[in-house]
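Coordinate inspection notes
In case you want the letters, here they are:
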Amino acid sequence: MNQKKTGRFIAKMRKEQNLTQRGLADILGVSDKTVSKWECGNGMPELSHMQPICSILNISLNELFSGEKLNDTDYKKKAEENMMALIQEAEKMKKNIVGGNVLGYVDNIEMDVCETHKTNTEFWSTIGSEFLGATALPSWGGFFPSEDRLHLLGNLSGKKVLEIGCGNGRSLKYAADMGAVDLWGLDISESQIDRTRNFLEAQNIHARLVCSPMENECGLPTDYFDVVYSVYGIGWTTQLTKTFRHVYSYLKKGGIFVFGWSHPIHKCVSVENGRLIFSNSYFNEEWYRAGMGSKEIMLSNRMLGTYINALADSGFVIEKLAEETDREKALAADHDFGRKALMLPTVFVLRARK
Ligand SMILES: C[S@@+](CC[C@H](N)C(=O)[O-])C[C@H]1O[C@@H](n2cnc3c(N)ncnc32)[C@H](O)[C@@H]1O
C-alpha cells in the first residue's frame with residue numbers, strides 16, 4: 001500500500017467531484033487539515049472514514065488502497081495484494097512486552113504444553129537467568145513498590161513458605177531473612193534449581209527444592225504451607241486454574257497465596273515518540289512464540305479478570321489486588337519505561353486466602 005499514491009488519488013477524485021478540501025472535510029466531519037494530510041500522503045484515513053470517502057468519491061475500497069481506478073482484470077490481483085499489505089501492516093503494529101523488554105518478533109501459536117515447557121525451560125536454563133534480579137523480593141518487579149513497604153506477604157516469621165518458579169533463589173533468601181523457618185522452592189528448570197541450591201547453601205540457608213512444572217502433581221505436601229508466593233512465576237503456567245488448584249491444596253486452611261506478574265495493560269501499551277500507544281488488544285490472550293535475546297519464549301497475555309476468576313474457581317477468597325507505581329522511582333528513572341509507569345501499572349500483585 002502506498003500512502004502517497006492513495007493521497008494523490010483522493011485529491012484527483014475529489015476534484016472530479018468538484019469538491020474542495022474543505023467541502024470533503026465538511027461532509028466527513030473532519031478538518032480540512034486532515035484531508036490535506038491524507039492527500040499529501042502523510043497518513044491514511046481512519047477506518048471509520050474509509051467507506052464514506054469511497055461513496056463520496058465514487059470509488060471502491062480496493063481502488064482507495066490501490067490509489068488508482070481499476071479495470072476488471074486488475075481488480076482481483078490488486079485486492080489480493082492489498083489484503084496481504086493490510087495483514088502485514090497490522091502485524092507490524094502489534095508489539096508484545098515482557099517486563100521492560102519489547103519482544104523481537106511475535107508469532108501466534110496453538111499452545112502445546114510439552115513444546116511450551118521445553119522452550120521456556122531452555123530459555124530459563126540459559127540466558128533467562130540474565131533477566132533475573134529485578135524479579136526477586138523485596139522487589140515485585142518493574143516500578144511496583146517494594147514488599148518492605150507494602151507487606152503483601154504479611155509477617156513471615158516462623159512460617160512455612162513455598163515459592164513457585166523460584167529462579168535463582170534470591171526471593172527464598174528474602175523469606176529466610178524475614179524469619180521463615182521452613183523453605184521450599186519449585187521450578188521447571190534443573191539449572192535454576194541448581195542455582196538456587198548453590199546460592200542458598202553459600203548463605204547457610206536450607207531449602208527443599210522440587211524440579212517440576214507447576215501444572216503437574218509433584219509430590220509437594222498438602223495442607224502444609226502458611227504462605228505460597230511467586231514473583232514473575234505464575235504467568236508461565238500453561239494451565240492457570242489447574243496450577244491454582246494445586247497451590248490451594250498445598251496451603252493450610254487460612255494460608256495465603258500471593259503472586260505478582262506483569263500487568264496486562266502494560267503489555268498492550270508501548271511508548272512511541274514519548275506518547276503511549278495501544279499496540280495490542282487487552283483482550284488478546286492468544287499464545288505466542290517470541291524472540292528474547294538469542295532464545296525464544298512461549299507465553300500468553302492473560303487479562304486481570306482471567307487471574308481473578310481462576311482464583312475464585314479454585315476456591316480462593318481474594319483479599320487484595322495491588323496495582324501501584326512507586327512514583328519516586330519512576331520519576332527518577334528518566335526513561336520511557338519509567339514515564340509509562342507514571343501513567344499505568346506495570347505490575348500487579350494479587351493476594352488470596354484458602
Ligand atoms: C522470572 S523467573 C522467577 C524469578 C524468581 N522470582 C527469583 O526471585 O529469582 C521465572 C521462573 O519460572 C520458572 N518457570 C517457567 N515456567 C515454569 C513452569 N511451567 N513451572 C514451574 N516453573 C516455571 C522459570 O524456570 C524461572 O526460573
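Calculation notes
Residues numbered from 1 in each chain as written. Predicted model: local features only at pLDDT ≥ 70, side-chain atom pairs only at ≥ 80, totals over all residues. Heavy atoms only, no water. Core = buried A, V, L, I, M, F, W, Y, C linked by side-chain atoms within 4.5 Å. Buried < 20%, exposed > 50% of the residue type's maximum accessible area, 1.4 Å probe, protein only. Helix = DSSP H or I, 4+ residues; strand = E, 2+ residues; numbered from the N terminus. Contact = heavy atoms within 4.5 Å. 1 Å grid on protein atoms, 1.4 Å probe; cavity = no way out; pocket = protein on both sides within 12 Å on 5 of 7 lines; lining within 4 Å. Points joined across faces, edges and corners; volume = space filled by probe spheres on them. Nonpolar A, V, L, I, M, F, W, Y, C, P; charged D, E, K, R; others polar. Pairing = 2+ DSSP bridges. Right-handed = clockwise from strand over helix to strand, strands pointing away. Near = heavy atom within 4 Å. Polar contact = N/O pair within 3.5 Å; in protein donor to acceptor, adjacent residues only side chain to side chain. Areas by Shrake-Rupley, 256 points an atom, 1.4 Å probe, with all protein chains shown as cover. Axes fitted to C-alpha atoms, helices over the stretch in contact; angles between N-to-C directions. Domains from an automatic or database assignment.

A closer look at the nonpolar core
- Among the nonpolar cores identified, the biggest contains 64 residues, and Trp 140, Phe 244 and Phe 257 are the most heavily contacted of them.
- Top contributing element to this core by residue count: strand S8 (residues 251–262), with 6 residues.
- Each residue touching Phe 257, except ones within four places of it in the same chain, is listed here: Val 228, Ile 234, Phe 244, Val 247, Leu 251, Leu 311, Phe 316, Leu 350, Arg 351 and Ala 352.
- Counting 18 residues, the second largest nonpolar core, distinct from the first, contains Leu 28, Met 50, Cys 54 and Phe 65.

Observations concerning empty space enclosed by the protein
- Tallied over the entire structure, the rule returns 1 cavity of 30 Å³ or more.
- Reported here for the largest cavity is a volume of approximately 40 Å³.
- Lining the largest cavity are Pro 264, Lys 267, Cys 268, Asn 280, Ser 281, Tyr 282, Asn 284 and Asn 301.
- In terms of residue class, the lining of the largest cavity is built from 3 nonpolar, 4 polar and 1 charged.

So, the pairing of strand S6 (residues 207–211)
- With 5 bridges connecting them, strand S5 (residues 182–187) and S6 associate as parallel partners. Directly across from Leu 183, in S6, lies its bridge partner Ala 207.
- With helix H10 (residues 190–202) bridging S5 and its parallel neighbour S6, the resulting β-α-β unit is right-handed.

Overview of the pairing of S5
- The element S5 is extensively covered by neighbouring structure, given that 6 of its 6 residues are classed as buried.
- Every second residue of S5 is oriented toward a common face, with Asp 182, Trp 184 and Leu 186 on one face and Leu 183, Gly 185 and Asp 187 on the other, all of them buried.
- As defined by bridge partners, strand S4 (residues 160–164) adjoins S5 across 5 bridges and the pair is classed as parallel. If you follow Lys 160 over to S5, its bridge partner there is Asp 182.
- You can see the chain leave S4, run along helix H9 (residues 170–177) and come back into S5, and the turn it takes is right-handed.

Quick notes on the site of the ligand
- Taken together, 22 residues sit near the ligand, with Ser 171, Asp 187, Gln 192, Met 214 and Val 231 positioned nearest.
- At 3.1 Å from a nitrogen atom of the ligand is found a side-chain nitrogen or oxygen belonging to Glu 163.
- Asn 168 has a polar side-chain atom sitting 3.2 Å from an oxygen atom of the ligand.
- Its free accessible area being 610 Å², the ligand has 99% of it covered by the protein chains.
- Classifying every residue of the shell around the ligand by side-chain character gives 10 nonpolar, 9 polar and 3 charged.

Side note on the sheet that holds S8
- Overall, mixed pairing links the 7 strands, which are arranged S6-S5-S4-S7-S8-S14-S13 in an open sheet. The outermost strands of the open sheet, each flanked by one partner alone, are S6 and strand S13 (317–322). Between one strand axis and the next, the sheet turns through 15° on average, direction left out of account.
- By the bridge criterion, 6 bridges tie strand S7 (residues 225–231) to S8 in an arrangement that is parallel. Note on S8: the bridge partner recorded for Ser 230 is Phe 259.

Some details on the domain arrangement of the protein chain
- Considered domain by domain, the protein chain is made up of domain 1 (3–92) and domain 2 (101–353).
- Each of domain 1 and domain 2 has a C-alpha centre, and these two points are 47 Å apart.

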